[in-house]
Amino acid sequence: MPRKEKLYTAIDVGTTKVATLAAKLSPSGAMEVVAIGYASSMGMRKGLVVGAEELTESIRESVRDASQMLGKRLPPAFVGITGAHLTCANAASNLEFDNRPGAVTEADVDRVLESAVAGDGLDDRRRVVHVIPRAYLVDGTPGVRNPVGLSARRNLSVDSHVVVGDKGQLDNVARVVREAGVRVRGMILEHLASAEAVLTGDERQGGVVLVDIGGGTSDIAIYREGAVWYTSALPIAGHQFTNDIAIGLGLSPTMAEEAKVKYGSALVEHGDHWRKVELQGVDGGLPRTVSLDRVNRLLHDRAVELVRMVLAKVNEAGFKRMPMGGIVFTGGCSNLHGLVEVAQDYGKCPVRLGAPSANLGIPAELEDSKFATGVGLLLWGIRHRHAGAVARDVTVSPLVQQRLRTWMARLMFRGPTEARA
C-alpha cells in the first residue's frame, strides 16, 4: 500500500477509440478517477499500428483532454496492448535451495519467475510482456498464493502464465505514446485489464471465459482456480459486424454502424424485424431505406461465427466442457442486442454482460463497457504494485461524472426514423 497519495494514468489504445484515465490512490487503498480523455482512434487496426502519425494525434487529443481536466501533465501511463502477435503459454519453473534455512524472499520470487522464460528460445524479435504466477509450491506444499515469508529449505516452484509479443509491434505502440507526450510505465494485456474490472472472485475461482469485443479484435482470457489459464485474440470484432452490413446491403460504413447500433439485433426474428428503417445520408448524401430482417440476419451469422470461435478456443485451452462461470462479454460491441442469447444457445452455458460499475460499484456513467479496459488498466497496474490495494473502494470525481454525461449525450445516435413500408 502506498504511504502517500499517488497518481496513476492508463491509456486504452483501441481500433475505434483512445480512452485516457487518471486516478488517485489514497494511502488507505481507495481509488478515485479524477480525469478522463476520449478521442476517435486512427492508425490502429487489429491491435497493430498501421499509421503512426494518425495514431499519435489520436492519443495526443485524448491525453490533452485528461491533462486539462487534471490541471497538470499526466504521469507515466499503463498502456493496453492486444493483437494476434501476442502468444501465451503455461510454464513451470523451480528454484533449489540445497537445505538453506530461512524464509522465501522477494528476490527468490523474482528469480523463480525469471527462470520460467529462461531458455524459452526467445530471439531479439520477441519480448516477454507478462509472467503471471498462478500458484507456488514451497518444499512440495501446493496451492501457495504468496510464498514470501514462508519457510523453504529445499525448493520453491511456480506455475506461471507467460505472454510474449512481437518486439517491433510493442515498440511501435510505445513510440506513438511517447510522441503523444506521455512516458510508458508499463504495457498490460488488455483482456487481463478488462478482467480486473468486470470479473468477480467467484467467477475466477470457479472458471470463466472473458470475451472483450473491441473494434478490431475480440480478446479472450480464461480463468480457473482463481488464476489466468489461457489468453488469445480473435480477428472478429465490432468492425467486422459493421462491415458485413455495409457490404451486404451496399451501405456506407457510417450508415452500416447506425443500422447496427440503433436497430440491429443478433436475433433473426427480433420484435418488428419485418419493418424497414430509414438511415440518414452522410455529407449531403441521400437517405437509405433498409429491411431490419436483412440487417439482423447478417448480424446473427457473424455472432454465431464469433461464438463458435470462442468455443474452439476453450477447447484449444484444454477444457473438455465450458467453465462453470460460462462466458462474460465486455467491450464496445458486447452491447449488440441478442448477442447474449446467441451465445447461450450455442454455448449451452451461462452468459452475461460485464461492465466496471457492476463489479466495482462505481457510478453508472462508467457502466458503458467502452471504459472497462481503461478502468482495468488502472486496477491491474495499482494492484500489481501495492498488494491488497483497491479492494472495493473505487469512486469517480464529480467533474469526471459531468464530462462522461456530456460525452454519452454527444455519442448517442439521434432517435430512430421509421420509413414507410
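In the block above lies the structure referred to throughout.
### Focus: the nonpolar core
Right, on to step 1. Grouped together as the largest cluster of nonpolar side chains are 65 residues, with contacts concentrated most on Ile11, Val13, Ile59, Leu192, Leu199 and Tyr223.
Right, on to step 2. Formed by 44 residues, the second largest nonpolar core is a distinct cluster that contains Val211, Leu249, Leu299 and Ala303.

### Side note on the sheet that holds strand β10 (residues 155–166)
Right, on to step 1. The strand order β7-β10-β8-β9 describes an open sheet built from four strands, whose pairing is antiparallel. Each having just a single partner strand, β7 (87–96) and β9 (141–144) make up the two edges of the open sheet. Neighbour-to-neighbour, the strand axes of the sheet open up by a mean angle of 35 degrees, direction not taken into account.
Right, on to step 2. Pairing between strand β8 (residues 126–138) and β9: two bridges, direction antiparallel. What sits directly across from Tyr136, in β9, is Val144.

### Comments concerning the environment of His191
Right, on to step 1. Tracing the backbone through its elements, the reader meets His191 in helix α4 (residues 190–198).
Right, on to step 2. By relative accessible area, His191 is classed as buried at 3%.
Right, on to step 3. In the structure, His191 is positioned 186 residues away from Leu377 in sequence and 9.5 Å away in space, judged by C-alpha atoms.
Right, on to step 4. Ignoring sequence-local partners within four residues, the contact set of His191 consists of Thr82, Leu210, Asp219, Ile220, Ala221, Thr231 and Ser232.

### Let's talk about the packing of aromatic side chains
Any aromatic ring pair is given by two values, namely how distant the centres are and how the planes are angled relative to each other.
Right, on to step 1. Within this structure, the stated rule accounts for one aromatic pair.
Right, on to step 2. On the basis of an interplanar angle of 10 degrees and a centroid distance of 6.2 Å, the ring pair of Tyr8 and Phe78 is categorised as stacked. Taken together, the positions of Tyr8 in strand β1 (residues 6–13) and Phe78 in strand β6 (residues 77–81) put the pair 70 residues apart, joining distant regions of the chain.
Right, on to step 3. Taking relative accessible area as the criterion, Tyr8 reaches 1% and is therefore assigned buried.
Right, on to step 4. Its guanidinium or amino end placed over the ring of Tyr223, Arg204 lies 5.1 Å from that ring's centre, counting from NZ or CZ.

### Section: the pairing of strand β12 (residues 208–213)
Right, on to step 1. Summarising burial for β12: six of the six residues are buried, a large majority.
Right, on to step 2. Side chains Val208, Leu210 and Asp212 of β12 all project onto a buried face; the interleaved residues Val209, Val211 and Ile213 project onto the opposite face, where all are buried too.
Right, on to step 3. With six bridges joining them, β12 and strand β13 (residues 218–224) adopt antiparallel strand pairing. Within the sheet, the bridge partner assigned to Asp212 lies in β13 and is Asp219.
Right, on to step 4. Count of turn residues in the β12/β13 antiparallel hairpin: four residues.
Right, on to step 5. Looking at chain direction, β12 and strand β17 (residues 327–330) are connected through four bridges and run parallel. Counterpart to Leu210 in the pairing with β17 is Val328.

### Here's the deal with helix α8 (residues 292–316)
Right, on to step 1. For α8, which comprises 25 residues, the first-to-last C-alpha distance of 36 Å matches the rise-based estimate of 36 Å (1.5 Å per residue) to within 8%.
Right, on to step 2. The opening residue of α8, the one whose side-chain oxygen lies 3.3 Å from the backbone nitrogen of Asp293, is Ser291.

### Observations regarding helix α6 (residues 238–249)
Owing to its 3.6 residues per turn, the α-helix aligns residues three or four sequence positions apart on the same side.
Right, on to step 1. Relative to the 16 Å expected for 12 residues at 1.5 Å per residue, α6 spans 17 Å between its end C-alpha atoms, a close match to the ideal helical length.
Right, on to step 2. All of the buried residues in α6 are Gly238, Gln240, Phe241, Thr242, Asp244, Ile245, Ala246 and Leu249.
Right, on to step 3. Residue Gly250 follows α6 closely and has a positive phi angle near 65 degrees.

### A word on the packing of α6 against helix α7 (residues 253–263)
Right, on to step 1. Interaxial distance between α6 and α7 falls to 8 Å at its minimum, and their mutual angle equals 110 degrees. When the axes of α6 and α7 are compared, the pair comes out roughly perpendicular. Contacts from Gly238, Phe241, Thr242, Ile245 and Ala246 of α6 reach α7 at Pro253, Ala256, Glu257, Ala259 and Lys260.
Right, on to step 2. Of the residues belonging to the contact of α6 with α7, the class tally is six nonpolar, two polar and two charged.

### Details of unusual backbone geometry
Right, on to step 1. Phi at Lys46 is positive, roughly 50 degrees, even though this residue is not glycine.
Right, on to step 2. A relative accessible area of 30% means that Lys46 is categorised as partly exposed.
Right, on to step 3. The residue Glu225 is not glycine, and still its phi comes out positive at about 50 degrees.

### Thoughts on the pattern of salt bridges
Right, on to step 1. Evaluated as defined, the whole model comprises 17 salt bridges.
Right, on to step 2. The closest approach of N and O atoms between Arg60 and Glu57, which form a salt bridge, is 2.9 Å. Of the two residues, Arg60 and Glu57 both sit in helix α1 (residues 52–70), three residues apart, roughly one turn of that helix.

### Let's talk about the pairing of β8
Right, on to step 1. Where β8 lies against β10, 11 bridges are found, and the strand directions are antiparallel. When the sheet's bridge partners are listed, Ile132 is paired in β10 with His161.
Right, on to step 2. Between β8 and the antiparallel strand that follows it, β9, lie two residues; Asp139 among them carries a positive phi value of about 50 degrees.

### What to know about the side chain of Ser93
Right, on to step 1. One can find Ser93 in strand β7.
Right, on to step 2. In this structure the side chain of Ser93 is engaged in a polar contact, spanning 2.8 Å, whose partner is the backbone oxygen of Val112.
Right, on to step 3. If we skip the residues at most four places from it in the chain, Ser93 touches Val112, Ser115, Ala116, Leu156, Ser157 and Val158.

Thresholds applied
Residues numbered from 1 in each chain as written. Predicted model: local features only at pLDDT ≥ 70, side-chain atom pairs only at ≥ 80, totals over all residues. Heavy atoms only, no water. Core = buried A, V, L, I, M, F, W, Y, C linked by side-chain atoms within 4.5 Å. Buried < 20%, exposed > 50% of the residue type's maximum accessible area, 1.4 Å probe, protein only. Pairing = 2+ DSSP bridges. Helix = DSSP H or I, 4+ residues; strand = E, 2+ residues; numbered from the N terminus. Axes fitted to C-alpha atoms, helices over the stretch in contact; angles between N-to-C directions. Contact = heavy atoms within 4.5 Å. Phe/Tyr/Trp six-rings, centres within 6.5 Å; stacked < 30°, edge-to-face > 60°. Lys NZ or Arg CZ within 6 Å of the ring centre and 35° of its normal. Expected span 1.5 Å × (residues − 1). Polar contact = N/O pair within 3.5 Å; in protein donor to acceptor, adjacent residues only side chain to side chain. Parallel < 35°, antiparallel > 145°, perpendicular 65-115°, else oblique. Nonpolar A, V, L, I, M, F, W, Y, C, P; charged D, E, K, R; others polar. Salt bridge = Lys/Arg side-chain N within 4 Å of Asp/Glu carboxyl O.

Such coordinate-based values are descriptive only and should not be taken to indicate function.
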